[in-house]
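What the coordinates show
One-letter residues, chain by chain:
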Amino acid sequence: MLEITDDKGEVLEYQTNPLSENVKNLPPNYYADLTKGKSKSWIDVNVMNRLGRVQAGKAVFSMYKPSIHLAKRPLEWNPNNPLLCGVDFGRQPAALFGQCLRGEWAIIHEFMASGMGATSFAPILKTEILQKFRGIRPEQVQFWGDPAGDDMTQSDERTPYQVFRTHGLFVRPAPGNNRLNVRLEAVEMVLNKLIDGKPAFLVSPTCTMFKAAMDGGYKYRRLHTTAERYSPEPEKDQYSHIADAGQYLLLGGGEGR
């Protein structure tokens, strides 16, 4: 296939390459049909024969397009605007930082850890904030988290919210009572929105795990059946934690209400 691009190098569509080989042994429009509804990353690997990441399953946010929603250069923190953070607890905790100005979201930083609970994660997250966002005090950050973080199941005899508060990180439960449909719809609405012709949701390329999660890493697992069926809820894996943090971030920022 040939990539048809605009003057900025963004892929507009794919057309059949007249120099392609072995097409006589394939059904008509074989490669053209393959590209329909697929992400650029999937097409790069499966059609364009390029190195890349392959995810088995169905992307949760199929409307996410790197050509539209991924910034060309790192996004910087604006100290004049509120800084928000979505937090997912558990043994694979994740935090996602963003800012929203006039309805336009900028996802600017991610921070993740592995194999630790809130007791260990809270102090290193506080250190990360002080180092990454110079001049801000942790209590100035608006934290939004998993409503389940207020039960005593994820860290010694205190809830994660209580642990975070001892370090000056005041987390509030994200609106929506943790209903999955509310969380997903909040993200979908922002992905589908344009403001003055520009996307309302932009991810910094420095957010490595989050951009991978949005581009198909966060997915519905395909079921082992003859029909093409998928799990009713997104798969819990290395991408789901930062994706959940993103949902809490947007809900806390007023989306989905």
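Notes on the structure follow.

1. Quick notes on the overall build of the protein
Helix and strand counts for the protein stand at eight helices and 13 strands. For a compact globule of 257 residues, the expected C-alpha radius of gyration is about 18 Å, and the protein comes in at 20 Å, within 12% of that figure. When burial is assessed residue by residue, the protein has 42% of its 257 residues classed as buried. Once local pairs closer than 6 in sequence are excluded, the contacts in the protein between residues at least 24 apart make up 64%. Averaging the locations of the 31 positively and 29 negatively charged side chains of the protein gives two centres separated by 1 Å.

2. Brief notes about helix α4 (residues 118–132)
An ideal rise of 1.5 Å per residue puts 21 Å on 15 residues; α4 measures up with 20 Å between its terminal C-alpha atoms. For α4, the full list of buried residues reads Ala118, Phe121, Ala122, Leu125, Glu128 and Ile129. End-on view of α4: buried residues confined to an arc of 130°, all on one side of the axis.

3. Structural notes on a nonpolar patch on the surface
Taken together, the side chains of Val23, Tyr30 and Tyr31 present a nonpolar region at the surface, about 240 Å² in accessible area. Positionally, valine 23 belongs in the loop between β2 (11–15) and α1 (30–35). Taking relative accessible area as the criterion, valine 23 reaches 39% and is therefore assigned partly exposed.

4. Some points on the side chain of aspartate 237
By secondary structure assignment, the location of aspartate 237 is in the loop between β13 (230–234) and α8 (240–252). Residue aspartate 237 is classed as buried on the basis of its relative accessible area of 14%. Of the polar contacts made by the side chain of aspartate 237, one reaches the backbone nitrogen of tyrosine 239; its length is 3.0 Å.

5. Quick look at the state of the cysteines
Following the criterion strictly, the structure yields zero disulfides and no others. Here cysteine 85 stays free of any disulfide, with the sulfur of cysteine 207 as its closest cysteine sulfur at 11 Å.

6. Remarks on the packing of aromatic side chains
Evaluation of the coordinates by the stated rule reveals nine aromatic pairs. Judged by centre distance (5.2 Å) and plane angle (50°), the rings of phenylalanine 97 and phenylalanine 133 are tilted. In this pair, phenylalanine 97 sits in strand β5 (residues 94–101) while phenylalanine 133 sits in the loop between α4 and β7 (142–145), placing the two residues 36 residues apart along the sequence.

7. A closer look at the pattern of salt bridges
Summed over the entire model, instances satisfying the criterion amount to six salt bridges. Across the pair aspartate 244 and arginine 183 runs a salt bridge, and its minimum N-O distance is 2.9 Å. Here aspartate 244, found in helix α8, pairs with arginine 183, found in helix α6 (residues 180–191); they are 61 residues apart in sequence, far enough to count as distant. Lysine 219 serves as the salt-bridge partner of glutamate 235, at 3.3 Å between the closest nitrogen and oxygen. Of this pair, glutamate 235 sits in the loop between β13 and α8 while lysine 219 sits in strand β12 (residues 219–222), and the two are 16 residues apart along the sequence. With relative accessibility at 6%, the residue lysine 219 sits in the buried group.

8. Topic: the nonpolar core
The biggest cluster of nonpolar side chains holds 31 residues, and the ones touching the most others in it are Phe61, Trp105, Ile107, Phe201, Val203, Phe210 and Met214. For this core, the secondary structure elements donating two or more residues are β5, β6 (104–112), α6, β11 (201–203), α7 (208–217) and α8. In terms of residues, this core owes the most to one element, α8, which gives five residues. Discounting chain neighbours no more than four positions away, the residues touching methionine 214 are Phe61, Tyr64, Val187, Leu191 and Phe201. Judged by nonpolar contacts, the second largest core, of 26 residues, contains Phe89, Ile108, Ala122 and Ile129.

9. Some remarks on the sheet that holds β13
Ordered by their spatial adjacency, three strands build an open sheet running β3-β12-β13, and the pairing between neighbours is antiparallel. Sheet topology places β3 (58–59) and β13 at the edges, where each strand pairs with a single neighbour. Pairing of β12 with β13, which is carried by two bridges, proceeds in the antiparallel orientation. In the sheet register, arginine 222 faces β13, and the bridge partner there is tyrosine 230.

About the thresholds
- All residue numbers refer to positions counted from 1 along the written sequence of the respective chain.
- Reporting in this predicted model follows two pLDDT cut-offs: at least 70 for local features of residues, and 80 or more for side-chain atom pairs to be given and counted; totals over whole chains, interfaces and linings ignore these cut-offs and use all residues.
- Excluded from the side-chain calculations are hydrogens and water; all other atoms, namely the structure's heavy atoms, are used.
- Here a strand is any run of E in DSSP of at least two residues, a helix any run of H or I of at least four, and the numbering for each starts at the N terminus.
- Each radius of gyration reported is based on C-alpha atoms, and the globular scaling rule is 2.2 Å times the count of residues to the power 0.38.
- Residue burial is assigned from relative accessible area. The probe radius is 1.4 Å, only protein chains are included, and a residue is buried under 20% of its type maximum, exposed over 50%, and partly exposed in between.
- Contact criterion: two residues are considered in contact whenever any of their non-hydrogen atoms come within 4.5 Å of each other.
- The sign given to each residue is positive for Lys and Arg and negative for Asp and Glu; His and the chain ends receive no count.
- For this purpose, a charge sits on NZ of Lys, CZ of Arg, CG of Asp or CD of Glu.
- What a helix is expected to span follows from its residue count: subtract one and scale by 1.5 Å.
- Directions drawn from the helix axis to the C-beta atoms are what define this arc.
- Like charges are joined within 9 Å and nonpolar side chains (Val, Leu, Ile, Met, Phe, Trp, Tyr) within 5 Å, but only among residues with over 30% relative accessible area and no salt bridge; these make up the patches.
- Note that accessible areas follow from Shrake-Rupley with a 1.4 Å probe, and for residues the cover is restricted to the protein chains shown.
- Any Lys or Arg side-chain nitrogen located within 4 Å of an Asp or Glu carboxyl oxygen qualifies as a salt bridge.
- Between N or O atoms, a polar contact is any pair within 3.5 Å; within protein, one atom must be a potential hydrogen donor and the other a potential acceptor, and residues adjacent in sequence are included only when both atoms are from side chains.
- Two cysteine sulfurs form what is called a disulfide whenever their separation falls within 2.5 Å.
- Two rings from Phe, Tyr or Trp (for Trp, the six-membered ring) form a pair when their centres sit within 6.5 Å of each other. Planes less than 30 degrees apart are called stacked, planes more than 60 degrees apart edge-to-face, and all others tilted.
- Working definition of a nonpolar core: buried Ala, Val, Leu, Ile, Met, Phe, Trp, Tyr and Cys residues. They are joined through side-chain atoms within 4.5 Å.
- Any two strands with at least two DSSP bridges between them are considered paired.

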